Amino acid sequence: MFGVYNGPGEPDKPLEMMTQEEQAEVGARKMIEFMQSCPGKSIMSGVTGFGLGGVLGIFMASLAHDSPTAPGNINHLPLKQQMKVMVTDAGSRAWSSAKNFGYIGGIYAGVECCIESLRAKHDLYNGAAAGCAAFIGCAGFAAFSTAIELYMMSDSAAPPMNDYDD
């Protein structure tokens, strides 16, 4: 129960009867317990991944418009318009990358923590198994995507309609 100090050799005390040091100790213990739990690890990894993904997205967006032969070349636009396009693109890429990294970090840490809890061991194999679980999902998605692409490129698929067909 929150607000009760259960220190070694200490009787249970309500939060209001504790000293400031005891309250700080209870708060620190609760924070450590949360950070060591599977949901806490998943949340921390997701938030960290979100931040890293955002930074990486901004970096990748900065490289997208540096070549005159890059797709979507904006060199013909006035400088103010170029800056607007680049900032908008950086924001959307940062958001997309941040979400992806956040999801991956949270799921990986959660799976790893669950495997560690089930095995009751903390070793190298927990991370490897969590990575394998992510890989299996990736392999399944890649197989589905490949099957769709093969169907769409096959002769049996209907050709796409365009503006020039009458």
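Let me begin by describing the structure that accompanies this report. (Residues numbered from 1 in each chain as written. Predicted model: local features only at pLDDT ≥ 70, side-chain atom pairs only at ≥ 80, totals over all residues. Heavy atoms only, no water.)

### So, the overall build of the chain
- A tally of helices and strands in the chain yields 4 helices and 0 strands.
- Within the chain, buried positions represent 22% of all 166 residues.
- A sequence separation of at least 24 residues applies to 48% of the contacts in the chain between residues at least 6 apart.
- Counting every atom, the chain has about 12400 Å² of accessible surface; 69% of that belongs to carbon and sulfur. (Helix = DSSP H or I, 4+ residues; strand = E, 2+ residues; numbered from the N terminus. Buried < 20%, exposed > 50% of the residue type's maximum accessible area, 1.4 Å probe, protein only. Contact = heavy atoms within 4.5 Å. Areas by Shrake-Rupley, 256 points an atom, 1.4 Å probe, with all protein chains shown as cover.)

### Quick word on the side chain of Gln 82
- Turning to its location among the elements, Gln 82 is positioned in helix H3 (residues 79–119).
- Assessed through its relative accessible area of 16%, Gln 82 is described here as buried.

### What about the packing of helix H2 (residues 38–64) against H3?
- Viewed as axis vectors pointing N to C, H2 and H3 meet at an angle of 150 degrees, and their least axial separation amounts to 5 Å. Here H2 lies roughly antiparallel to H3, going by the angle between them. Seen along the crossing, H2 lies across H3 with a hand that is right-handed.
- Of the residues in the contact of H2 with H3, the class split is 16 nonpolar, 13 polar and 5 charged. (Axes fitted to C-alpha atoms, helices over the stretch in contact; angles between N-to-C directions. Parallel < 35°, antiparallel > 145°, perpendicular 65-115°, else oblique. Left-handed = near helix turned anticlockwise from the far one by under 90°. Nonpolar A, V, L, I, M, F, W, Y, C, P; charged D, E, K, R; others polar.)

### Here we look at the packing of helix H1 (residues 20–36) against H2
- Following both chains from N to C, one finds H1 and H2 inclined at 80 degrees, their axes separated by 4 Å at the closest point. Between H1 and H2, the interaxial angle falls into the category roughly perpendicular. Where H1 approaches H2, its residues Phe 34, Met 35 and Gln 36 are matched on the opposing element by Cys 38, Gly 40, Lys 41, Ile 43 and Met 44.

### Comments concerning unusual backbone geometry
- The backbone of Ala 120 shows a phi angle near 55 degrees, a positive value even though the residue is not glycine.
- Secondary-structure assignment places Ala 120 in the loop between H3 and helix H4 (124–153).

### Concerning the state of the cysteines
- Inspection of every chain in the model, using the stated rule, returns 1 disulfide.
- Disulfide pairing places Cys 38 opposite Cys 113 at an S-S distance of 2.0 Å. Given an S-S torsion of about -85 degrees, the disulfide between Cys 38 and Cys 113 has left-handed geometry. Of the two residues, Cys 38 is situated in helix H2 and Cys 113 in helix H3; the sequence distance between them amounts to 75 residues. (Disulfide = S-S within 2.5 Å.)

### Quick word on the pattern of salt bridges
- Under the defined criterion, the tally for this structure stands at 3 salt bridges.
- In this structure, Arg 93 and Asp 89 form a salt bridge, with 3.0 Å as the shortest nitrogen-oxygen distance. Taken together, the positions of Arg 93 and Asp 89, both in helix H3 and 4 residues apart, correspond to about one turn of that helix.
- Ionic pairing is found between Asp 123 and Arg 119, a salt bridge with its closest N-O pair at 2.8 Å.
- What makes Asp 123 partly exposed here is its relative accessible area of 28%. (Salt bridge = Lys/Arg side-chain N within 4 Å of Asp/Glu carboxyl O.)

### Comments concerning the packing of aromatic side chains
- Taken as a whole, this structure holds 1 aromatic pair when the rule is applied.
- Taking the centre distance of 5.6 Å and the plane angle of 85 degrees together, the rings of Phe 50 and Trp 95 count as edge-to-face. Residue Phe 50 is located in helix H2, and its partner Trp 95 is located in helix H3; the two are separated by 45 residues in the primary sequence.
- Note on Trp 95: relative accessible area 51%, which makes it exposed. (Phe/Tyr/Trp six-rings, centres within 6.5 Å; stacked < 30°, edge-to-face > 60°.)

### What to know about the side chain of Ser 42
- Examined against the element boundaries, Ser 42 turns out to sit in helix H2.
- For Ser 42, a relative accessible area of 18% puts it in the buried group.
- Setting aside its immediate chain neighbours within four residues, Ser 42 contacts Gly 106, Ala 109 and Gly 110.

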